Each structure stands twice: as C-alpha cells, then as structure tokens.
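Okay, here's what each chain looks like letter by letter:
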Amino acid sequence: MHRIGSIFIRTRASNLCFAADFLQGEHSHHFTVKFSRHDPKEYTVNCDQPCTVLEAIKSTEKYKEKIKCADANIIMQLGKEDKESIVPTHFPCSCISDDECLIISCKKEKIEEAQEQQNKIIYPRDRYIVFFIDTIGGVNAKSKELFRSSVVKQYKTLCVYGEKGMTVEAALKRDGRFIDDLGKFELDEKQQEKEGASNNLQNEHETRSVEDVVKQSGVSVKRAVEKSGSDNIDEIYEILRQQFPDLKKWMEERFSGNSYEEELTLRKEDFGKIQQSFSEVHRVRNLLKLGESVCKLIDVGQGTGFVLFDNFILTNAHLFKGHVDEAKLQVDVDVWIRFNYDDPDPYLLNLKLFSCKKTFIDFDAVQDYAILELNLEDQNLNKNIEAEEIKVPPGLLRNFGPVPLNGKAYIIGHPTGGVKKMDVTRIIEEEDRLQAVNDHLRPYKDHLFTVHSIIQVITDQGIEHILSGGVLAEKVVTYKTFMYRGSSGSPVFDAFGRVFGLHSLLFAYKVGDQPHIVMGCAYPLHIMFKQFVIKLKESGNYELLSRVKGFIRVFLLQWCQDYCHVVQPQYLQSCR
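Residue indices begin from 1 for each chain and proceed along its sequence in written order. In view of the model being predicted, local features appear only for residues whose pLDDT reaches at least 70, and side-chain atom pairs are presented and counted only at 80 or more, with totals across whole chains, interfaces and linings using the full set of residues. Where side-chain values are given, they derive from all heavy atoms of the structure, hydrogens and water being excluded.

Labelled according to an unreviewed UniProt entry, the protein appears under the name Serine protease, originating from Seriola dumerili.

Written as structure tokens, this is what we have:
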C-alpha cells in the first residue's frame, strides 16, 4: 500500500520547512516499463509522487526516444503475460505494485478519450477499487461495438479503476476506452484468481458501486435481518463469521502496524494528559477575577483588549488596519470598550461601556500592539448600575510575568465577538511546532487535496516564520487553541495567573463554515512593555512614565529574573 507523502510540499516554490517531515517518503515505489513486448530491455520508473502511470513513464529519458505518437494512441499492457490485460494511460500509479511491468506501445488509431484535468487527482491505493472487464461481451453484447478502438479486443481484459463509492457506469465513462453510449447494461460476474472479478457486459443498465464488483455474492447481515427478522441469531452469527477475514484485514489496516494493545496504551496516555489538564479551583477562581479586566472592542470589527493599568487598554494594532492616520483614529471612527460581557442576554448584563480617545497612547504595527485611553467621562452604562459602581476594572500590569518555557496557558477573550470565554491550553515549545503541524495534518493523510489546501492556506498566512529558523520563531509563544477571530488582543496567562502574552496570530482554515485552528501565537508582553517605556522616555512623556515606574520595579524584581540581563538597563534608564 502506498500512502501519502510530502509531494504537495515539494511542488511548492515556498521554503516551507515542515514539508519534508510530514510523513516523509511514504509515497515511494518503482515499476518497470518496456517499449515493446519483444524488447528484452526493461527500464525502471521511480515514482516518488502521486501521478498517472503515463506521467511517471514520461519522466524517463527513454520515453521521447521510444514513443512518437499522441497520448490517446498509446496502449499499456499490465504484466508480461501474452496480451493479458491493458490499463488506461491515466491509471493511478498508486495502483501499480512494486516491480510490476508495463508494456507500452503506439497504435495508429485512437485508443482512449483524453481525460479532463480534474480527473488527475491521484489518491492512495486504498481509495480505489480495481476490476477487470472481458473484451468479449456477453450474449446480448456481442453484436454491439463497445470500445472506441477494435485494437483492445486483441487483449483479454480491460483493467478499470474507480474511487470507492463511484458507480460502475461512472467508472466506465471516465475510463475513456469505451464508447460514450453503452446503452443499458449489467455485469455478468464470474470468479477469477486476479484481484476482483472479470465481467462481461450485458444489456441491462449497471448502477452498482465499484465495490460491489469485487465482492463475492454473499448475504450481508443487514439483508439477513431484513429478510428473516432480528430473531434469526444463528444465521446472523454465521454471516459474521464468514465476514470476519475482511474485518480482520480492516483492523490491521486501521492500526497501521501497531497492535490493538498499543493503541489502547496510547488512549490511556491521552486520558492521563486530559486528567493533568484539569485546573485547580482556586486558580480558575483567580483567573475569572482577572478576566473582569478583559473587554470587547466595538465599532472596529471583532476584537478583544484588556486594562493594562489605570484607564489604558492594550490590544492588537492590526485590529485598526485602515482606520489609523498618524497614530490617530480616523475622524469617522469611534472605538467603544465593553466590560462584563459574560452573559448573552442583554437585559441581564451588568455592562460597562466606555468610549476611547482618538489619539493612541502608543501604536506599533511591527510589534502589533496598540494602547488606547478611555474617556472616563464619556460612558454609556446599563441603567441598573449604581453610580458608585462605575469603575474601570484593575489593570493586569500588576500581574505581569515572564514567558514560561512550557506548561499550561489560559486565554480569556471574545472569540467571534461573542461572550467572554476562557481556553485552557498548553504551550507548544519551539522545537515541537513542526511536529504539532504534522500531527494536525495526519488525520487528512488519505485526502491529498485536503492536505494540499490546508498547507496552501497556512503557508500563505506565514506559518514558516514561526517554525524553527523562522524570523518569528524566538519572538512568539505558540499553543493549540479554539480562540478564533475576535479574540485578537486577549491576554494570555501562565499557570499561576500571571499575564505574559498578547494573543495575536492564528494559523487557521475553514471546512465549510467551521473554523479549524492549526496553531495560535502570542507576542510576549514584556517586549511590548519595554518598547512602550522606551517610547515614553523618547517622547518626553514623563507624567505618564512616572505612573508606570512602580509597575516597572515590580516587574523587574518579581517576575523578570529570566530577562533582567536584557531589559533591566533600558528600563532603569527610562525610569530616571
């Protein structure tokens, strides 16, 4: 069985580095080709990517020298037996066994109709059913021409393939060697030693799936129950026993070389990880309290922010793309901040709504952060709130912490603009990010087009930049998350409730309307804060600088031991 390899990655011009590691080399096999049945010379065709047999043969140096006719005039014999069976030129290479031989030759007349490009997606072997059609038709088909060329009648059978679930009619129509109008027909089945069954065309329309062609004529469990009722237990047991070999084969393929016991062990390990992910109640209670400082941004699209200190809000700069002129919001743009959006019922909300000043306190598109100032006198409050309750929640700067190397992480925000949510996740270390991407792709390994599409999307989003060696590899914190669009600007906490990052990037795609996130990223808060303090010093804003001095000292003394040798001199200089 030939499984999915790294072809989709290798065919891109991108320098995406995780390509070679994704199930590397799993599509790799070879077969031989002869350009005449009488020529003793065989040429090896190394097939390292999914393609048709003709495409694979064309890659050999001898093809142009030996073959001078159009593709439609080529005929391919499968195996070395005398005029046994022929395959179409678009036959999947994955259905050719290692060391199989194909004999290729040119004919004066057209053998098959050219295939449309959309039919050239090649899947792994287990996605196909292969069966054989006798070139001599049944009793009622002998008087009718069935093939585009009479040359095919020189061979005993035509090897036909179809994707699982495809009808026989569709498979024959796609084959290209049969005439367009076969009329109504049925298949006259007889057992044969080869894979599947050999079939004679009759004069009744064939609507069964290609799977049915290769099955023996037995009775299914479902049919037995329908026929004799559910109380015929002995007959059902006997049918199950007869079908056990197929079940065993399926189980062996399902577990891909691992024993069932090994799979159970993996499941137990997964359960252990789930148990470890449970959080202690006091930590969750603390995080919920800190979450009161998280807010939803309104009128600039979907976004999240949080109180940094006093009445200043930290969020992502990319949320304001197209709405900013020289560090100021455009005249027609107003930003409102909503706190306490925890309940979807607007009549039960204890909402606090503040407008923001037009000028940003700080705006950095490179580091992707923006700091807004709330208008404390401009509020639109729920009428149920008492005047003395009108307060901005406490800032999270007092809960600053260094970036943890690993362990748990908590994200609190407003995904898709909805009510506040919290995601409990784990940090993906830099050296493990490539494996995390591959693990996400693995369930799609039998769906080449899907894998290719996902890789295309996340590559366009720049995922190679956060993998080892990428320009952002050491500048971001990564994790698996469900926090989708609208959660940009959310605070990211460590296991002790210390905020260390700003949720800023997602590598995601959609299947229908359902979003799927490969990985989320946060920018470390200490880098943003350092940049903010330096800008305050450079701009001469000593009034605001004096308000953050206390936070700087707390940050340096309590939470930033890992970074003191890097940031302390700059911070201390900024605080003088």
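Undergrad: For the overall build of the protein, give the residues involved together with the corresponding values.
TA: Helix and strand assignments come from DSSP, with helices taken as H or I runs of at least 4 residues and strands as E runs of at least 2, each series counted from the N terminus. Per the secondary structure count, the protein includes 14 helices and 24 strands. Residue exposure (1.4 Å probe, protein chains only): buried if accessible area is under 20% of the type maximum, exposed if over 50%, otherwise partly exposed. Counting the 576 residues in the protein, one finds 48% classified as buried. Whether two residues touch is decided by their heavy atoms; if any such pair falls within 4.5 Å, the residues are in contact. Long-range contacts, defined here as pairs at least 24 residues apart, represent 65% of the contacts in the protein between residues at least 6 apart. With residues, only the protein chains shown are counted as cover, and all accessible areas are computed by Shrake-Rupley using a 1.4 Å probe. Entry remark: accessible area of the protein is about 29,900 Å², with carbon and sulfur atoms responsible for 49%.

Undergrad: Provide a residue-level description of unusual backbone geometry, including the pertinent values.
TA: Within the chain, Asp368 stands out as a residue other than glycine whose phi angle is a positive 60°. Looking at the element boundaries, Asp368 is found in the loop between β17 (362-364) and β18 (369-379). With a relative accessible area of 7%, Asp368 lands in the buried category. One non-glycine residue, Thr416, lies in the positive phi region at around 55°. Considering the arrangement of structural elements, one finds Thr416 in the loop between β19 (408-413) and β20 (421-428).

Undergrad: I'd like a rundown of the side chain of His414, residues and numbers included.
TA: The topology assignment puts His414 in the loop between β19 and β20. In the analysis that follows, any N or O atom pair within 3.5 Å is treated as a polar contact, provided that within protein one partner can donate a hydrogen and the other can accept it, and provided that, for residues neighboring in sequence, both atoms belong to side chains. A distance of 3.4 Å separates the side chain of His414 from the backbone nitrogen of Lys420, its partner in a polar contact. In this structure His414 touches Val294, Cys295, Lys296, Thr304, Tyr341, Val419, Lys420, Gly486, Ser487 and Ser490, once residues within four positions along its chain are discounted.

Undergrad: Describe the sheet that holds β20, listing the residues and the values that go with them.
TA: Pairs of strands are assigned from DSSP output, requiring at least two bridges between the strands. Spatial strand order, β19-β20-β21-β24-β23-β22: six strands in a closed barrel with antiparallel pairing. For this sheet the average axis-to-axis angle between neighbouring strands, irrespective of direction, equals 40°. Both strand β22 (residues 491-493) and strand β23 (residues 499-511) contribute to a ladder of three bridges, which runs antiparallel. Of the residues in β23, the one forming a bridge with Pro491 is Leu502. Contacts from helix α11 (residues 448-460) reach β23 and β24 (514-524), with the element oriented near 140° to β23. Lines fitted to the C-alpha atoms define the axes, with helices restricted to the stretch that makes contact. Angles between their N-to-C directions range from 0 to 180 degrees.

Undergrad: Outline the pattern of salt bridges, listing residues and values.
TA: What makes a salt bridge here is a side-chain nitrogen of Lys or Arg within 4 Å of a carboxyl oxygen of Asp or Glu, nothing more. Scanning all chains against the criterion turns up 18 salt bridges. Of the charged contacts, one joins Glu84 and Lys156 as a salt bridge, the two residues approaching to 3.5 Å between their closest N and O atoms. Placement of the pair is Glu84 in the loop between β3 (74-78) and β4 (85-87) and Lys156 in the loop between β6 (128-134) and β7 (157-163), with a sequence separation of 72 residues. Arg177 is paired through a salt bridge with Asp175; the nearest N and O atoms lie 2.7 Å apart. The pair Arg177 / Asp175 is uniform in exposure class, with both members buried. In this structure, a network of salt bridges that share partners links the residues Lys110, Glu113, Arg148 and Asp180.

Undergrad: Go over the layout of surface pockets with me, naming the residues and quoting the values.
TA: In this analysis the probe radius is 1.4 Å and the grid spacing 1 Å, with only protein atoms considered; a cavity is a set of points the probe fits into but cannot get out of, a pocket is an open set with protein on both sides within 12 Å along at least five of seven lines, and lining residues have an atom within 4 Å of a point. Grid points are joined across faces, edges and corners, and a volume is the space filled by probe spheres set on the points. A volume near 520 Å³ is recorded for the second largest pocket. Surrounding the second largest pocket, 14 residues form its lining, Arg426, Ile428, Ala436, Asp439 and Lys480 being those nearest its centre. Mapped onto the lining of the second largest pocket, the elements with two or more residues apiece are β20 and α10 (433-441). Among the elements that line the lining of the second largest pocket, the one with the most residues is β20, at five residues.

Undergrad: If you had to explain the packing of aromatic side chains to someone new, which residues and values would you point to?
TA: Stacked, tilted and edge-to-face are the three classes assigned to paired rings of Phe, Tyr and Trp, where Trp is represented by its six-membered ring and a pair needs centres within 6.5 Å; plane angles under 30 degrees give stacked, over 60 edge-to-face, the rest tilted. Scanning the entire structure with this criterion turns up 12 aromatic pairs. Between Phe35 and Tyr43 the ring centres are 5.7 Å apart and the planes differ by 55°, which places this aromatic pair in the tilted class. For the pair Phe320 and Phe360, a centre-to-centre distance of 5.1 Å together with 75° between the ring planes defines the contact as edge-to-face. Taken as a pair, Phe320 in the loop between β12 (312-315) and β13 (324-325) and Phe360 in the loop between β16 (352-356) and β17 lie far apart in primary sequence, 40 residues in all.

Undergrad: Go over the pairing of strand β5 (residues 101-106) with me, naming the residues and quoting the values.
TA: Across the six residues that make up β5, a large majority, five, are buried. In this sheet, β5 lies alongside strand β1 (residues 29-34) in parallel orientation, the contact comprising three bridges. The residue bridging Lys34 from the neighbouring strand is Ile103, located in β5. One ladder, built from five bridges, connects β3 with β5; its direction is antiparallel. Bridge assignment links Leu78 to a residue of β5, and that residue is Leu102.

Undergrad: Describe α11, listing the residues and the values that go with them.
TA: The span expected for a helix works out to 1.5 Å for each residue beyond the first. Look at α11: 18 Å from first C-alpha to last across 13 residues, which is about the 18 Å you get at 1.5 Å a residue. Within α11, burial applies to Leu448, Val451, Ile454, Ile455, Ile458 and Thr459. Along the axis of α11, the buried positions cluster into a sector of 135°, meaning they face one direction only. Positive phi appears at Gly462, one or two residues downstream of α11, with a value of about 90°. Directions pointing from the helix axis toward each C-beta atom define the arc.

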